[in-house]
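# Notes for the structure review
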Amino acid sequence: MAAITYEHIKTCKQSGARLGRVHTPHGIIETPTFMPVGTQATVKTMAPEELKQMDAQIILSNTYHLFLRPGHDIVREAGGLHKFMNWDRPILTDSGGFQVFSLSDMRKITEEGVHFRSHLNGDKKFLSPEVAMEVQNALGSDIMMAFDECPPYPAEYDYVKKSLERTTRWAERCLKAHARPEDQGLFAIVQGGMYEDLRRQSAADLTSMDFPGYAIGGLSVGESKQIMYDVLDYTVPLLPQNKPRYLMGVGSPDALLEGAIRGVDMFDCVLPTRIARNGTTMTSQGRLVVRNAQYARDFGPLDPECNCYTCRNYSRAYLRHLIKADETFGLRLTTYHNLQFLLDLMRKVREAIREDRLLDFRDEFFAQYGLYDN
Ligand SMILES: CNc1nc2c(CCNCC3CCCCC3)c3nc(N)[nH]c(=O)c3cc2[nH]1
Ligand SMILES: [Zn+2]
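On to the coordination of the zinc ion (ligand 2). The protein atoms that coordinate the zinc ion (ligand 2) are Cys306 (SG), Cys308 (SG), Cys311 (SG) and His337 (ND1), at distances spanning 2.1 to 2.3 Å. Geometry at the zinc ion (ligand 2) is tetrahedral, judged from the four donor atoms that bind it and their angles of 102 to 116 degrees at the metal. Along the chain, the residues donating to the zinc ion (ligand 2) fall in the pattern C-x1-C-x2-C-x25-H. Grouping residues by exposure puts Cys308 and Cys311 together as buried.

Take unusual backbone geometry next. With an omega of 10 degrees, the peptide bond between Arg69 and Pro70 qualifies as cis. Structurally, Pro70 can be placed in the loop between α2 (63-68) and α3 (72-77). That bond from Tyr153 to Pro154 is cis: its omega, -5 degrees, falls within 30 degrees of zero. Relative to the helices and strands, Pro154 resides in the loop between β10 (143-145) and α7 (157-177). Positive phi, close to 65 degrees, is recorded for Asp55, a residue that is not glycine. With respect to the element layout, Asp55 can be found in the loop between α1 (48-53) and β5 (59-62).

In this fold, Gln14 is placed in the loop between β1 (5-11) and β2 (18-24). For the pair Gln14 and Asp356, spaced 342 residues apart in the sequence, the C-alpha separation amounts to 5.5 Å. With near-sequence residues (within four places) excluded, Gln14 lies in contact with Asp356, Arg357, Leu358, Leu359 and Asp360. Side-chain polar atoms of Gln14 contact the backbone nitrogen of Asp360, separated by 3.1 Å.

What follows concerns the packing of helix α9 (residues 225-235) against helix α10 (residues 253-261). At their nearest, the axes of α9 and α10 sit 10 Å apart, and the two run at 20 degrees to each other. Considered as vectors, α9 and α10 are oriented roughly parallel to each other. Crossing angle aside, the handedness with which α9 passes α10 is right-handed. Residues Lys225, Met228, Tyr229 and Leu232 of α9 form the contact with α10, whose own contacting residues are Asp254, Ala255, Glu258 and Gly259. Among the residues forming the contact of α9 with α10, the class breakdown is four nonpolar, one polar and three charged.

So, on to the pattern of salt bridges. Tallied over the full model, the rule gives 27 salt bridges. Between Lys13 and Asp356 there is a salt bridge, with its nearest N and O atoms 3.7 Å apart. Remark: Asp356 occurs in the loop between α14 (328-354) and α15 (358-368) and Lys13 occurs in the loop between β1 and β2; sequence separation between them is 343 residues. Linked through salt bridges whose partners overlap, the residues forming this network are Asp233, Glu258, Arg262, Arg362 and Asp363.

Let's shift gears to the nonpolar core. In this structure, Leu51, Leu232 and Leu358 are the most contacted members of the largest nonpolar core, which totals 91 residues. By residue number, the principal contributor to this core is α14, which donates 12 residues. Those residues in contact with Leu51 that sit more than four places away from it in its chain are Val43, Met46, Ala56, Ile59, Trp87 and Leu339. Counting 18 residues, the second-largest nonpolar core is a separate cluster that includes Tyr6, Ile58, Ile189 and Met248.

Strands sit in the order β1-β2-β3 across an open sheet of three strands; the sheet is antiparallel. The sheet is open, and its two borders are formed by β1 and β3 (27-31), each paired with just one other strand. Across the sheet, the mean angle separating the axes of adjacent strands is 15 degrees when strand polarity is ignored. Direction of pairing for β1 relative to β2: antiparallel, over a ladder of six bridges. Each bridged residue has a counterpart across the sheet, and for Glu7 the counterpart in β2 is Arg21. Across the sheet, α14 is in contact with β1, β2 and β3; its angle to β2 comes to roughly 125 degrees.

Taken together, 21 residues sit near ligand 1, with Asp94, Asp148, Gly218, Leu219 and Ser220 positioned nearest. The separation between a nitrogen atom of ligand 1 and a polar main-chain atom of Ser220 is 2.8 Å. Protein chains bury 90% of the 590 Å² of accessible surface belonging to ligand 1 in isolation. Sorting elements by how many residues they give to the shell around ligand 1 places β5 first, with three residues. Counted by class, the shell around ligand 1 contains eight nonpolar, 10 polar and three charged residues.

Rules used throughout
- Residues numbered from 1 in each chain as written.
- Chains lettered and ligands numbered in written order.
- Predicted model: local features only at pLDDT ≥ 70, side-chain atom pairs only at ≥ 80, totals over all residues.
- Heavy atoms only, no water.
- Donors = N, O, S within 2.8 Å, 3.2 Å for Na, K, Ca; no water.
- Tetrahedral: all angles 85-135°; square planar, octahedral: opposite > 155°, others 65-115°.
- Buried < 20%, exposed > 50% of the residue type's maximum accessible area, 1.4 Å probe, protein only.
- Helix = DSSP H or I, 4+ residues; strand = E, 2+ residues; numbered from the N terminus.
- Contact = heavy atoms within 4.5 Å.
- Polar contact = N/O pair within 3.5 Å; in protein donor to acceptor, adjacent residues only side chain to side chain.
- Axes fitted to C-alpha atoms, helices over the stretch in contact; angles between N-to-C directions.
- Parallel < 35°, antiparallel > 145°, perpendicular 65-115°, else oblique.
- Left-handed = near helix turned anticlockwise from the far one by under 90°.
- Nonpolar A, V, L, I, M, F, W, Y, C, P; charged D, E, K, R; others polar.
- Salt bridge = Lys/Arg side-chain N within 4 Å of Asp/Glu carboxyl O.
- Core = buried A, V, L, I, M, F, W, Y, C linked by side-chain atoms within 4.5 Å.
- Pairing = 2+ DSSP bridges.
- Near = heavy atom within 4 Å.
- Areas by Shrake-Rupley, 256 points an atom, 1.4 Å probe, with all protein chains shown as cover.

Written out as structure tokens, the structure is:
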């Protein structure tokens with residue numbers, strides 16, 4: 001029995017979105033879904049019980065960070081990541097390729113793998129398909145990502161072509177190094193930059209190797225949202241209908257909606273937790289920077305349409321005070337709300353698909369969202 005299987009429930013008659021379930025060794029994920037990011041074995045400031053309260057069905061963690069600290073051997077000896085962080089639902093781990101390029105310096109790519117210096121202490125380190133698979137095996141994640149290169153943006157056609165061909169060879173090496181396919185599912189990552197023929201080449205190469213799921217990488221790297229949507233328009237249809245599709249690093253509300261409409265099932269982004277830490281929140285009326293002076297005497301809830309713990313019990317004035325006073329509780333309350341907001345958004349997306357009205361839902365959402373932006 002494969003570790004990861006996708007159950008297609010229905011396709012929205014109004015859009016290309018689909019309702020599905022991803023079956024994993026640690027439980028079922030209803031898709032389309034947003035996955036909170038837990039970089040260093042914790043979703044910053046949130047307890048697992050709170051993540052369950054908000055119905056987070058899967059969280060992300062990361063080869064790169066845990067390989068550097070505390071080291072994957074310690075996590076293995078703890079009994080794996082689920083036990084280490086007391087999370088008994090599904091976990092997806094990224095393979096570290098992207099983080100080497102976004103976090104470390106002094107890096108050097110070779111066919112063998114990537115040599116780099118730790119961003120923590122400058123130690124010389126090496127990641128490769130084999131090492132990335134050994135680390136994710138030790139972490140025991142339900143979904144592992146193949147070791148890939150995410151080309152910078154913009155990037156020359158020839159560079160992107162050479163890079164995707166190496167990413168394909170690395171994916172083959174990951175498959176060979178995959179120790180426990182019955183317990184962990186290995187997803188491949190489609191590259192090809194913003195070039196349609198290269199996306200087709202990458203997708204064809206990888207879908208011929210029969211992975212249990214496919215991610216679309218190389219996006220949300222500085223390109224415009226319209227370019228991202230154009231790439232999705234021709235890339236998503238290249239992926240198998242009967243397997244999950246994961247768009248990496250995408251999480252603003254508008255991008256989640258546009259991605260779901262184009263048939264994407266899974267999303268992750270550090271945005272909701274990262275912006276919460278400087279007092280920026282996502283509300284049904286748009287982004288609200290609660291630390292701003294205008295909220296000093298605003299005793300209403302952060303978002304009148306949200307019934308999360310934060311919005312039921314605290315005022316904008318109190319949140320502003322905590323953030324200004326650099327009180328940790330303030331970070332917890334804004335993080336709790338931002339995560340609940342995105343998880344609720346995806347629940348509404350699933351309901352709209354069920355009722356064949358996702359395009360109407362998108363229009364209603366945008367009519368309200370962004371009121372604060374202008
Ligand atoms: C933000 N934009 C973006 N992210 C990308 C990511 C990272 C996705 N998020 C993973 C989490 C990050 C924080 C720690 C926990 C894991 C990408 N990852 C890989 N492997 N390949 C990409 O092309 C790839 C492309 C990406 N684009
Ligand atoms: Zn709320």
